[in-house]
Amino acid sequence: KAGVTQTPRYLIKTRGQQVTLSCSPISGHRSVSWYQQTPGQGLQFLFEYFSETQRNKGNFPGRFSGRQFSNSRSEMNVSTLELGDSALYLCASSDGQGKSSYNSPLHFGNGTRLTVT
Amino acid sequence: QKEVEQDPGPLSVPEGAIVSLNCTYSNSAFQYFMWYRQYSRKGPELLMYTYSSGNKEDGRFTAQVDKSSKYISLFIRDSQPSDSATYLCAINRNSGNTPLVFGKGTRLSVIA
């Protein structure tokens, strides 16, 4: 099976712009989670989608949004970019069908490295 | 108090050493404990997971959970240069769909 695919791998944007990141989960996985990883804060949960519905949301401002399509592919969007949004954005998929992450572990992509100048 | 605390290191050891990586957590409701390994420029990959207190072995790796002390450990025996990576502990509250809470990760270098 192909793993989780994230595109693009690298992005450079300017403050005030917006950006869209894409994630293709493992085939058959219906849950997609997004995380932000920075050296200072580590991995922080953004949101999770399951069957096109947002199931969980972390403590990020409304500038961060996401969606999931019927084929389970997901996008996240960040509007009005700030310097502090520079980070590695990781997508993870799981089958997530009512199981805990213990029984349904997360499989991560290699991330999109976003730099805001 | 942060939900999960992990010493960021870096930790540098000679090849063949036993490595001990640790996390503490604050909430006794946490039930599921995982260790992820992240190589440079890659996403985290699940290394081990456990539910109960005690030890779980997988090859050179042993995961240990002490729920009474809210303390989890990962031991790596006979460490190899290929073990050089960042190790993240991850904890989940219950059997529902709540998201994992990650430690910040400990960067490990194994020197040949």
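The shown structure was predicted, so the numbers you read here are calculated from the model rather than taken from an experiment.

Residue and element names in this part refer to chain A. Within the open sheet, the four strands sit side by side as E1-E3-E8-E7. Their pairing is antiparallel. Edge positions in the sheet fall to strand E1 (5-7) and strand E7 (64-68), since each has one partner strand and no second. Going across the sheet, the axis of each strand differs from the next one's by a mean of 20 degrees, ignoring polarity. The pairing of strand E3 (residues 19-24) with strand E8 (residues 74-78) spans five bridges and is classified as antiparallel. Paired with Thr20 across the strands is Asn77, a residue of E8.

The tally for this structure, following the rule as stated, stands at eight salt bridges over all chains. A salt bridge links A:Asp85 to A:Arg63; its shortest N-O distance comes to 2.8 Å. Of this pair, A:Asp85 sits in the loop between E8 and strand E9 (87-94) while A:Arg63 sits in the loop between strand E6 (53-57) and E7, and the two are 22 residues apart along the sequence. Like A:Asp85, the residue A:Arg63 is buried in the burial classification. Of the charged contacts, one joins B:Arg77 and B:Glu57 as a salt bridge, the two residues approaching to 3.7 Å between their closest N and O atoms. Of this pair, B:Arg77 sits in the loop between strand E8 (71-76) and strand E9 (85-92) while B:Glu57 sits in strand E6 (residues 54-58), and the two are 20 residues apart along the sequence. Assessed through its relative accessible area of 29%, B:Arg77 is described here as partly exposed.

Scanning the entire structure with this criterion turns up 11 aromatic pairs over all chains. Summarising the aromatic geometry, the rings of A:Phe60 and A:Phe64 are spaced 5.2 Å apart at their centres and angled 65 degrees between planes, so their arrangement reads as edge-to-face. We classify A:Phe60 as buried; its relative accessible area is 15%. Among the aromatic side chains, those forming a connected cluster through ring pairs are A:Tyr35, A:Phe45, A:Phe108, B:Tyr36 and B:Phe102. Across the ring face of A:Phe50, the terminal group of A:Arg55 is positioned such that the distance to the ring centre comes to 4.3 Å. Here B:Lys56 stacks its cationic end above the ring of B:Tyr49, 4.1 Å away from the centre of that ring.

Nonpolar side chains in soluble globular proteins tend to end up buried together. Counting residues in hydrophobic clusters, the biggest one holds 24 residues, and the most contacted among them are B:Trp35, B:Ile72, B:Leu74 and B:Tyr87. Of all the elements in the fold, those that place two or more residues in this core are strand E3 (19-25), strand E4 (32-38), strand E5 (45-50), strand E7 (61-66), E8, E9 and strand E11 (106-111) of chain B. In contact with B:Ile72, not counting residues within four places along its chain, are B:Leu21, B:Asn22, B:Cys23, B:Tyr25, B:Phe33, B:Trp35, B:Gln64, B:Val65, B:Cys89 and B:Ile91. Residues A:Val32, A:Phe47, A:Phe60 and A:Leu114 belong to the second largest nonpolar core, which totals 21 residues.

Attention shifts here to the pairing of E5(B). All names here are of chain B. Relative to E5, E4 is paired through five bridges, and the arrangement is antiparallel. Bridge pairing links Tyr36 to Leu46 in E5. Count of turn residues in the E4/E5 antiparallel hairpin: six residues, of which Arg41 carries a positive phi of about 65 degrees.

Okay, the layout of surface pockets next. Rolling a probe over the atoms, with the probe sized like a water molecule, indicates the empty space that remains. Of the voids in this model, the largest pocket is the one considered here, and its volume is about 600 Å³. If you trace the largest pocket, you find 20 residues lining it, with A:Gln37, A:Pro39, B:Gln38, B:Thr86 and B:Arg107 closest to the centre. Sorting the residues of the lining of the largest pocket by element identifies strand E4 (31-38) of chain A together with E9 and E11 of chain B as the ones contributing at least two each. When the residues that make up the lining of the largest pocket are grouped by side-chain class, the tally is six nonpolar, nine polar and five charged. Computed from the structure, the second largest pocket encloses a volume of approximately 500 Å³. For the second largest pocket, the lining is made up of 19 residues, of which A:Leu43, A:Gln44, A:Phe45, B:Glu3 and B:Val101 are closest to its centre.

How each quantity is defined
Residues numbered from 1 in each chain as written. Chains lettered and ligands numbered in written order. Predicted model: local features only at pLDDT ≥ 70, side-chain atom pairs only at ≥ 80, totals over all residues. Heavy atoms only, no water. Pairing = 2+ DSSP bridges. Helix = DSSP H or I, 4+ residues; strand = E, 2+ residues; numbered from the N terminus. Axes fitted to C-alpha atoms, helices over the stretch in contact; angles between N-to-C directions. Salt bridge = Lys/Arg side-chain N within 4 Å of Asp/Glu carboxyl O. Buried < 20%, exposed > 50% of the residue type's maximum accessible area, 1.4 Å probe, protein only. Phe/Tyr/Trp six-rings, centres within 6.5 Å; stacked < 30°, edge-to-face > 60°. Lys NZ or Arg CZ within 6 Å of the ring centre and 35° of its normal. Core = buried A, V, L, I, M, F, W, Y, C linked by side-chain atoms within 4.5 Å. Contact = heavy atoms within 4.5 Å. 1 Å grid on protein atoms, 1.4 Å probe; cavity = no way out; pocket = protein on both sides within 12 Å on 5 of 7 lines; lining within 4 Å. Points joined across faces, edges and corners; volume = space filled by probe spheres on them. Nonpolar A, V, L, I, M, F, W, Y, C, P; charged D, E, K, R; others polar.

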